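Chain by chain, the residues run as shown.
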Amino acid sequence: YHDGDTIDWWHEDASERERWKGLVSQQGLRGLLAPLMDVSKSWFVMICTGICVGLAGGWLDILVMWLSGLREGRCSRGFLLNAVECCAGVDAGEVCQDWQSWGEHIGVSSILGQSLLHSFIYILLSTAFAASAAFLVMYYAPYAFHTGSERHFLILGGYVFDTFFSSWTLLIKALGLALSVSSGLSLGKEGPLVHVSCCMSFLFMKIFSHYHRNESQKRKILAAAAAAGVSVAFGSPLGGVLFGLEELDAFGSDFDVMWRGFVTSATAAVALQYVDPFKTSKLVLFQVTSGSDTWLAFELIPWLGLAVVGGVLGSFLIKLNVSAAVYRRNSILHEWPIVEVIGAAAVTAAVSYLTRVPTSELVANLFQECDPQRMDFHGLCNPSAMWENVFLLILTCAVKIGFTAWTFGMMVPAGIFLPTIAIGATLGRAVGLLTQGLYRAYPKAWIFSACPPDPTVRCIYPGFYAVIGASSMLAGVTRMTISLVVIVFELTGALSHVLPIMISVMVSKWVADALGQDGIYASWIALRRYPWLKPFEFRDNGEIAADVMTPAHNLVVLHEGSSLGELSEVLDTWEYHGFPVMREDILLGYVSREKLKSFIEPFLTEDGAAARIGVFGGHAEGDSADLSPLLEDAMQLRKEVPLEFVVNMFRKLNLRHIMFSQAGMLTGMITKTDIVALSTAHFTHRGALAEDRPTNR
């Protein structure tokens with residue numbers, strides 16, 4: 001296979017069965033050891049992948065903290081120490097004497113001079129980090145940009161794209177990710193870490209040759225690696241496994257693959273725990289500190305409101321992001337991607353300079369409950385400033401939506417999970433403050449009857465409202481469900497509040513689906529017109545296969561009795577991946593382009609070989625060339641079958657094409673590309689970012 005091809009699952013599975021049968025059929029000790037050694041190869045790849053991605057994820061976090069801190073100052077005890085390591089042992093609220101701002105380090109005493117110096121260095125380094133990431137991606141590894149998740153769906157579905165996992169892509173993805181996150185752009189590291197994990201597993205698979213000969217086995221390893229990437233990104237080993245089950249559609253038909261994903265995910269989590277980049281000795285990234293493990297029934301009202309708003313805003317963010325991507329492609333920005341990144345980084349840094357709070361730290365503070373023993377970093381615990389806080393939170397939410405919609409799609413490695421969590425958390429915290437303020441104003445109202453009548457006693461915890469808002473926004477953007485719930489409670493440790501999280505995710509997805517069928521990843525796949533079928537149940541409106549198929553008279557077919565020269569001319573004229581083969585009007589089968597080309601090219605070097613007749617069926621006589629080994633059986637149906645049945649066959653059997661015949665005569669053909677076009681027909685900007693590729697016929 002070459003990049004751009006779609007694998008033949010039947011052929012790959014049959015080849016793997018034959019290979020395994022050959023291993024176990026060997027005699028003596030070799031027959032016992034060969035299967036064991038073969039199985040140990042896959043476990044070696046997965047465990048090595050888990051260890052490496054866990055270590056890489058931890059060290060990436062450390063590098064990001066150092067680069068981010070460098071925009072504000074440096075540690076006097078060592079230039080390479082980040083703020084967490086420099087101020088280890090200093091209690092919250094205390095001044096860290098070892099951390100110096102650039103004004104203090106250089107010796108600028110004027111307050112105005114310090115302010116100008118700090119803002120200049122902050123914006124300059126933010127822009128430099130982002131520009132460096134864009135430069136590396138554009139000139140060294142173009143496939144390292146964006147999240148990469150949409151291509152993982154595509155590759156695990158059978159698309160061949162080995163260049164996507166090259167060693168250069170791995171290096172630039174990891175380094176560019178650290179630079180882009182450190183720049184303060186509105187993006188996260190979650191999706192790109194899945195790409196990093198898959199690149200690592202691909203490099204380990206290169207050690208063993210049989211993975212290069214079987215694309216099906218390769219995808220099983222990549223599915224387990226994707227689970228490990230999610231595990232490291234969120235500190236969520238169970239969430240990683242469920243992500244592969246729900247989103248990648250990789251484990252549903254093979255329990256062994258899910259078990260491998262579980263082991264790889266757990267191994268990656270252990271490696272991440274060993275590095276402990278945040279020095280908390282926990283995998284939980286955003287620990288929720290709630291004063292109560294119970295929730296009250298009346299809180300379902302604001303939570304359901306947050307779920308509805310999360311679904312609406314999630315759908316709006318997708319539409320805004322798609323519009324920005326289409327505008328970027330059709331404007332001069334497409335020719336100057338690095339300039340665009342520099343401009344976006346400068347604007348983002350200038351806007352965020354006043355707070356200078358990394359997105360991850362902002363989310364962690366929004367999830368925290370007010371505690372007199374803790375420092376109130378953002379004034380969120382000041383009851384007299386409730387309306388000011390609500391206004392600032394909503395303003396932050398709106399600005400974050402705009403920045404995220406534009407940033408996700410620029411020429412830098414970028415994930416969308418963390419900014420989406422931040423958007424939902426700010427909105428959720430605002431609703432929590434409003435609900436808390438309403439309770440303090442009317443403590444004896446009937447709706448608050450479950451709370452103490454004394455408003456000074458805490459009853460409502462706005463920090464958990466931020467968790468509900470984050471869950472709702474994530475569901476609206478990604479359309480994830482089960483895996484999202486598990487990721488959120490592993491991310492926050494809010495196990496006692498799983499039921500409200502489930503309800504908010506469920507309602508948000510319903511609302512978002514009513515406003516648009518596709519999540520953010522499916523939208524980007526449609527934008528690029530990739531041949532991927534999302535796991536959905538197609539329902540027709542009475543259409544049959546004949547309404548969609550390409551009629552036989554519009555197909556390029558090969559005829560029995562054609563000369564090798566004529567067959568070569570067809571290959572040179574048309575770029576289709578394969579062709580139906582006919583004997584007069586009778587369908588014999590299907591032949592792939594690559595098989596036919598590799599077979600006849602050696603013949604054409606001989607004198608007079610172009611005139612030799614190719615025989616696809618029966619016995620080749622005389623000087624004719626026997627092409628029957630190239631012929632593949634084709635799935636054949638009648639053109640009157642319901643379209644719903646055809647679509648479900650493509651989705652469940654991973655077919656590349658279906659032939660339609662009547663009494664053995666070819667009447668038409670449908671390819672996977674046709675079904676993809678049918679399933680994305682509702683998408684307004686389908687193919688707006690597509691690169692022209694040959695179809696699957």
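Coordinates for the structure precede this section.
The notes below deal with the structure included here. This is a predicted model, so every value here is computed, not measured.

Our next topic: the overall build of the protein. The secondary structure content of the protein amounts to 25 helices and eleven strands. In summary, the protein has a C-alpha radius of gyration of 29 Å against a globular reference of 26 Å for 697 residues, a match within 12%. Once the C-alpha set of the protein is aligned to its principal axes, its extents read approximately 95 × 60 × 60 Å. Evaluated residue by residue, the protein yields a buried proportion of 55% over its 697 residues. At a minimum sequence separation of 6, the contacts of the protein that also span at least 24 residues come to 75%. For the protein, the accessible surface area stands at approximately 30400 Å², while carbon and sulfur atoms represent 62% of it. Separation of charge centres in the protein, based on 49 positive and 63 negative side chains, amounts to 4 Å.

What follows covers unusual backbone geometry. Phi is positive for Asp276, which is not a glycine, with a value near 50 degrees. Structurally, Asp276 can be placed in the loop between helix 12 (255-275) and helix 13 (300-330). Even without being glycine, Asn654 reaches a positive phi, approximately 55 degrees. Within the fold, Asn654 resides in the loop between helix 24 (643-653) and strand 10 (657-662).

Moving on, we get to the packing of aromatic side chains. Evaluated as defined, the whole model comprises 28 aromatic pairs. Ring geometry for Tyr159 versus Phe161: centroids 6.2 Å apart, planes at 90 degrees, classification edge-to-face. Taking the centre distance of 5.5 Å and the plane angle of 70 degrees together, the rings of Trp303 and Phe464 count as edge-to-face. A residue pair is termed long-range when its members are at least 10 positions apart, and Trp303 in helix 13 and Phe464 in helix 18 (residues 462-478) qualify at 161 residues. For Trp303, a relative accessible area of 3% corresponds to the buried category. Here the aromatic cluster, defined as three or more aromatic residues joined through ring pairs, consists of Tyr143, Tyr159, Phe161, Phe164, Phe165, Phe202 and Tyr530. Of note, Arg328 hangs over the ring of Trp406, and the distance from its end group to the ring centre comes to 4.9 Å.

The element strand 6 (residues 586-592) is extensively covered by neighbouring structure, given that five of its seven residues are classed as buried. Where strand 5 (residues 578-583) folds back on strand 6, the antiparallel hairpin that results is connected by two residues, among which Glu584 adopts a positive phi of roughly 60 degrees.

Next up on the list: the side chain of Ser186. By secondary structure assignment, the location of Ser186 is in the loop between helix 7 (167-182) and helix 8 (190-205). Side chain to side chain, Ser186 and Thr404 meet in a polar contact 2.6 Å long. Every residue in contact with Ser186, bar those within four places of it in the chain, is listed here: Lys400, Phe403, Thr404, Thr407 and Pro419.

With that settled, consider the environment of Leu637. Looking at where Leu637 falls in the secondary structure, it is placed in strand 9 (residues 636-637). As for Leu637 and Met669, which are separated by 32 residues in sequence, their C-alpha atoms are 9.6 Å apart. In this view, Leu637 contacts Phe645, Val646, Met649, Ile658, Met659, Phe660 and Ser661; residues no more than four positions away in its chain are not counted.

Burial runs high along strand 10: five of the six residues are buried. Note: strand 9 against strand 10, two bridges, orientation parallel. Looking at strand 10, one finds that Gln636 is bridged to Met659. One crossover worth recording links strand 9 to the parallel strand 10 by way of helix 24, and it is right-handed. Hairpin connection between strand 10 and strand 11 (residues 665-671): a loop of two residues separates the two successive antiparallel strands, and Ala663 in this loop has a positive phi of roughly 55 degrees.

Turning our attention to the pattern of salt bridges. Applying the stated criterion to the full structure yields 17 salt bridges. A salt bridge links Arg539 to Glu644; the nearest nitrogen and oxygen atoms lie 3.2 Å apart. With a gap of 105 residues between them, Arg539 in the loop between helix 21 (520-528) and strand 3 (550-551) and Glu644 in helix 24 connect regions that are remote in the sequence. Two residues, Glu632 and Lys595, come together in a salt bridge whose shortest N-O distance is 3.3 Å. With a gap of 37 residues between them, Glu632 in the loop between strand 8 (625-626) and strand 9 and Lys595 in helix 23 (residues 593-604) connect regions that are remote in the sequence.

Across all of its chains, the model carries four disulfides by this definition. Between Cys87 and Cys96 runs a disulfide, and the two sulfur atoms are separated by 2.1 Å. Residues Cys87 and Cys96 are joined by a disulfide whose S-S torsion is about -95 degrees; by sign, that bridge is left-handed. When the bonded cysteines of the protein are counted from the start of the sequence, the pairing works out to 1-2, 3-4, 5-6, 7-8. Take Cys48: it sits in no disulfide, and the sulfur closest to it among the cysteines is that of Cys52, at 6.2 Å.

Bringing the nonpolar core into the picture now. Phe165, Leu185, Phe367, Val412, Ile501, Ile520 and Leu527 are the most contacted members of the largest nonpolar core, which has 145 residues in total. When residues in this core are grouped by element, the largest group, eleven residues, is from helix 10 (residues 215-234). Those residues in contact with Leu185 that lie beyond four places of it in its chain are Ala130, Ser180, Ala344, Ala345, Thr348, Thr407, Met410 and Val412. Ala545, Met549, Leu655 and Ile670 belong to the second largest nonpolar core, which has 18 residues in total.

A cluster of nonpolar residues, Phe135, Met138, Tyr139, Tyr140, Trp168 and Leu171, forms a patch on the protein surface that exposes about 640 Å² of accessible area. Of all elements in the fold, only helix 5 (111-140) and helix 7 reach the threshold of two or more residues within the nonpolar patch. Among the elements that make up the nonpolar patch, the one with the highest residue count is helix 5 (four residues). Mapping Phe135 onto the fold places it in helix 5.

Thresholds applied
Residues numbered from 1 in each chain as written. Predicted model: local features only at pLDDT ≥ 70, side-chain atom pairs only at ≥ 80, totals over all residues. Heavy atoms only, no water. Helix = DSSP H or I, 4+ residues; strand = E, 2+ residues; numbered from the N terminus. Rg over C-alpha atoms; globule rule 2.2 N^0.38 Å. Buried < 20%, exposed > 50% of the residue type's maximum accessible area, 1.4 Å probe, protein only. Contact = heavy atoms within 4.5 Å. Areas by Shrake-Rupley, 256 points an atom, 1.4 Å probe, with all protein chains shown as cover. Lys, Arg positive; Asp, Glu negative; His and termini not counted. Charge placed at Lys NZ, Arg CZ, Asp CG, Glu CD. Phe/Tyr/Trp six-rings, centres within 6.5 Å; stacked < 30°, edge-to-face > 60°. Lys NZ or Arg CZ within 6 Å of the ring centre and 35° of its normal. Pairing = 2+ DSSP bridges. Polar contact = N/O pair within 3.5 Å; in protein donor to acceptor, adjacent residues only side chain to side chain. Right-handed = clockwise from strand over helix to strand, strands pointing away. Salt bridge = Lys/Arg side-chain N within 4 Å of Asp/Glu carboxyl O. Disulfide = S-S within 2.5 Å. Core = buried A, V, L, I, M, F, W, Y, C linked by side-chain atoms within 4.5 Å. Patch = residues over 30% accessible without salt bridge, like charges linked within 9 Å, V, L, I, M, F, W, Y side chains within 5 Å.

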